[in-house]
Each structure stands twice: as C-alpha cells, then as structure tokens.
Amino acid sequence: MNIAFSPCPNDTFVFHALVHGLIPDVPEFEVTYADIDITNNWAIDKTGPEILKISYAALPWVLDDYALLPCGGALGRGCGPLVLTKDGTAGPAKPSTLSGRRVAVPSERSTAYLLFRLWAAKNVPGGVGEIVVMPFDQIMPAVRDGQIDAGLVIHEARFTYPEYGLSLMTDLGSWWEETTGLPIPLGAIIARRSLDLPRIAEWIRASVQYAWAHPEASASYVASHAQEMAPEVTQAHIGLYVNEFTTNLGEDGYNAVSHLLSLAADEGLVPRIDPAKLQWPSE
C-alpha cells in the first residue's frame, strides 16, 4: 500500500510505527515524502497514492474520490500559520503595509494560504500584490534577504523565525481562534473511498498511540528527516502538532473544518462542499 506525507517531525512521529511494521496485521507500506504543495496537487489531479496528507483547504477538490480520515492529521490550538516581515527600526510592520506587496506562501491550496486570504480581506486595504509559492523552508531566508516583502510560514518556523531577523506581523491561528473560538484545521489525512476506511483509520490511530507510548522508538527516524532541526525544536514541533485531535477529530474538529470551508466558499475561495462527504462514513 502507498502513502505520502511530509518529512516534518509530526508526520514522521505519527506514521513511524505504521510504516515500520510495528502495528499487527498491517500490510507493507511504500512511503513517499513530499511537501504539502505537491501532495495537494497529487490529490486534486488524482495521481496520488491511496493514502496521503494534504491541506484541509484542498478538501473541496478531492472529496469525490478521497475520504477524510478522523485521525492522523494536524489540527489544534496555538499552532497556526504566521505572517512574518523583516525586522525594521520601527518594529513589526502593520498589516496595511502589505498592500500591493509580494508575499511568499507554501501552497496556494494550503490551509495557511486560505486563512491568510480570509485575514487579508479584512486587514490589507486593496489586497496584497504578487503571491509567490515556494517550499516552506525557503520562505524565511527569502524574507530575510529581501527577495519578498512578507512570508506566510508554518511548522517549526513558529520557533525559529527570530534567528532569521524576522518579526511577527500576525499569528493567523490566534486570529482564527479569537474570531471563531474553534481549533485550527491544518493538515488532513485522506484515503481513497474504495479502500477499507475503518481498518485504515484503526491502523493510523494505533500508530499514533504507539508513538506516544514509545517515543524513543521513532527518535532516529524523526531526526533523519528533520532537515537539521535542533532536537529541542523537533520535540516542540511534535508537542504542538500531535495532540488529541490526531487520534480523533471529534465534534470540535469537524466543526472547525466545516466552518473554515464554509467561510472560504462564501468568499469564493473554494468550491462549496457537500457536508455529507466531509463526515466519517461510520457516523
């Protein structure tokens, strides 16, 4: 069976047991490691593997072929995307200064970009200028070096951006939570509807529980894919993105996803979804 997810610590931590034969009665998995922009496009183009990690923002384009699994993904509080600018003598820039400017984003179909567009519609007069898509690990150096005016960042950038001489313009997670009271839907795990979805969900949930019970087992695997990340940053990353929603989205999780996609559809940013296709088949 084929699966694709990112090399980020939260994904390698979650899926370590699944892809290393540590869960009983699970078939052998072939893993592809890919950035979220790539997996989003694979799912939309129907060229991806049976199971993959994508942005929640990409769901409206894939729900006919893929089901949203209730576990394995990234959704939570205090873990949202950040808008960063280069440090200046006057302190962090105001949102209005982004009018007509160049902004780098990790994917045009990422949840981060969707949140950014919803936020910018209310805070950036006239809208931003050019949107530049680049791998998330290249965004902060590009802002630091003046290649772009601001960057939308995810993952461990939350912990490391001061090292690049960057300032926080806004925390989109805080903005979302204050506005809606809901957790932030970031990365979803989806599987082809033709598969035995309940069994796959059981495997993934067992992999998460194994990771929590045996954190030392995945340490070298996580570190080998962590892109020279400091160990303390790796652990902070896992602690932030692997939480109770990783084992079960639950009512709050589904409400958060539904509300995000409904707001985005109201703004014409995504196609409107059939709510029945969002829910887990067994519910």
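One can find the structure itself at the top, above this paragraph.
Quick look at the structure, then. Treat the numbers as computed from the prediction; the structure is a model and nothing was measured.

Side note on the overall build of the protein
And step 1. Scanning the protein for helices and strands turns up 12 helices and 11 strands.
And step 2. In terms of overall size, the protein behaves like a compact globule, its C-alpha atoms giving a radius of gyration of 18 Å where 283 residues would be expected to give roughly 19 Å.
And step 3. Counting only C-alpha atoms, the protein reaches 60 × 40 × 35 Å along its principal axes.
And step 4. A burial count over the protein gives 54% of its 283 residues as buried.
And step 5. For the protein, the proportion of contacts with a sequence separation of at least 24, taken over those separated by at least 6, is 81%.
And step 6. Per element, the accessible surface of the protein, about 12000 Å² overall, is 48% carbon and sulfur.

A few points about the layout of surface pockets
And step 1. Taken as a whole, the second largest pocket encloses approximately 200 Å³ of empty space.
And step 2. The wall of the second largest pocket is formed by Phe13, Pro215, Ser218, Ala219, Val222, Ala223, Ala226, Met229, Pro231, Thr234, Gln235 and Ile238.
And step 3. Those elements that provide at least two residues to the lining of the second largest pocket are helix H8 (219-224) and helix H9 (231-241).
And step 4. With four residues, H9 is the single largest residue contributor to the lining of the second largest pocket.
And step 5. Across the lining of the second largest pocket, the residue classes tally to nine nonpolar, three polar and no charged.

Let's talk about the pattern of salt bridges
And step 1. In this structure the tally under the stated criterion is nine salt bridges.
And step 2. Among the salt bridges present, the one from Glu130 reaches Arg102, with a minimum N-O distance of 2.9 Å. Note that Glu130 is positioned in the loop between helix H3 (111-123) and strand S8 (131-133) and Arg102 in the loop between strand S6 (82-86) and strand S7 (103-105), a separation of 28 residues in sequence.
And step 3. On the basis of relative accessible area, Glu130 is assigned to the partly exposed category, the value being 45%.
And step 4. Residue classification places Arg102 among the partly exposed positions, given a relative accessible area of 30%.
And step 5. Between Asp196 and Arg199 there is a salt bridge, and its shortest N-O distance comes to 3.8 Å.

Quick notes on H3
And step 1. When the terminal C-alpha atoms of H3 are compared, their 18 Å separation across 13 residues agrees well with the 18 Å that a helix rising 1.5 Å per residue should span.
And step 2. Among the residues of H3, those classed as buried are Thr111, Ala112, Tyr113, Leu114, Leu115, Phe116, Leu118, Trp119 and Ala120.

Some words on empty space enclosed by the protein
And step 1. Scanning all chains against the criterion turns up three cavities of 30 Å³ or more.
And step 2. Lining the largest cavity are 18 residues, and of these Ile36, Ile154, His155, Leu186 and Gly187 sit closest to its centre.
And step 3. Elements supplying a minimum of two residues to the lining of the largest cavity: helix H1 (9-19), strand S3 (51-55), H3 and strand S11 (184-192).

Remarks on H9
And step 1. Buried within H9 are the following residues: Val233, Thr234, His237, Ile238, Leu240 and Tyr241. Across the axial projection of H9, the buried residues extend over an arc of 165 degrees, all falling on one side. Turned more than 90 degrees away from the buried face of H9 sit Pro231, Glu232, Gln235 and Gly239, all of them exposed.

Brief notes about the nonpolar core
And step 1. Leu18, Ile54, Leu59, Leu98, Phe116 and Trp119 are the most contacted members of the largest nonpolar core, which totals 87 residues.
And step 2. Looking at which element gives the most residues to this core, the answer is H3, with eight residues.
And step 3. Contacts of Ile54, omitting those with residues within four sequence positions, involve Ile36, Thr39, Asn40, Ala43, Leu59, Val62, Leu186, Gly187, Ala188 and Ile190.

Here we look at the sheet that holds strand S9 (residues 150-153)
And step 1. The mixed open sheet is built from five strands, whose spatial order is S8-S7-S9-S6-S10. Each of the sheet's edge strands pairs with one partner strand only, and the pair in question is S8 and strand S10 (166-171). On average, each strand axis in the sheet is tilted by 30 degrees relative to the strand beside it, whichever way the strands run.
And step 2. Where S6 lies against S10, five bridges are found, and the strand directions are antiparallel.

Let's talk about unusual backbone geometry
With the exception of glycine, the majority of residues adopt a negative phi angle, and the majority of peptide bonds are in the trans configuration.
And step 1. Notably, Asp25 is not glycine yet its phi reads approximately 60 degrees, a positive angle.
And step 2. The exposed category is assigned to Asp25, whose relative accessible area is 75%.
And step 3. The backbone of Lys46 sits at a positive phi, close to 60 degrees, despite the residue not being glycine.
And step 4. Positionally, Lys46 belongs in the loop between helix H2 (36-45) and S3.

Notes on the packing of H3 against helix H6 (residues 172-180)
And step 1. One way to put it is that H3 packs onto H6 with a least axis distance of 10 Å and a crossing angle of 70 degrees. Overall, the two elements H3 and H6 adopt an arrangement that is roughly perpendicular. The way H3 lies across H6 gives a crossing that is left-handed. For the pair H3 and H6, the contacting residues are Ala112, Leu115, Phe116, Leu118, Trp119 and Asn123 in the first and Leu172, Trp175 and Trp176 in the second.
And step 2. Here the residues of the contact of H3 with H6 are counted per class, giving eight nonpolar, one polar and no charged.

About the thresholds
- Residues numbered from 1 in each chain as written.
- Predicted model: local features only at pLDDT ≥ 70, side-chain atom pairs only at ≥ 80, totals over all residues.
- Heavy atoms only, no water.
- Helix = DSSP H or I, 4+ residues; strand = E, 2+ residues; numbered from the N terminus.
- Rg over C-alpha atoms; globule rule 2.2 N^0.38 Å.
- Buried < 20%, exposed > 50% of the residue type's maximum accessible area, 1.4 Å probe, protein only.
- Contact = heavy atoms within 4.5 Å.
- Areas by Shrake-Rupley, 256 points an atom, 1.4 Å probe, with all protein chains shown as cover.
- 1 Å grid on protein atoms, 1.4 Å probe; cavity = no way out; pocket = protein on both sides within 12 Å on 5 of 7 lines; lining within 4 Å.
- Points joined across faces, edges and corners; volume = space filled by probe spheres on them.
- Nonpolar A, V, L, I, M, F, W, Y, C, P; charged D, E, K, R; others polar.
- Salt bridge = Lys/Arg side-chain N within 4 Å of Asp/Glu carboxyl O.
- Expected span 1.5 Å × (residues − 1).
- Arc of directions from axis to C-beta.
- Core = buried A, V, L, I, M, F, W, Y, C linked by side-chain atoms within 4.5 Å.
- Pairing = 2+ DSSP bridges.
- Axes fitted to C-alpha atoms, helices over the stretch in contact; angles between N-to-C directions.
- Parallel < 35°, antiparallel > 145°, perpendicular 65-115°, else oblique.
- Left-handed = near helix turned anticlockwise from the far one by under 90°.

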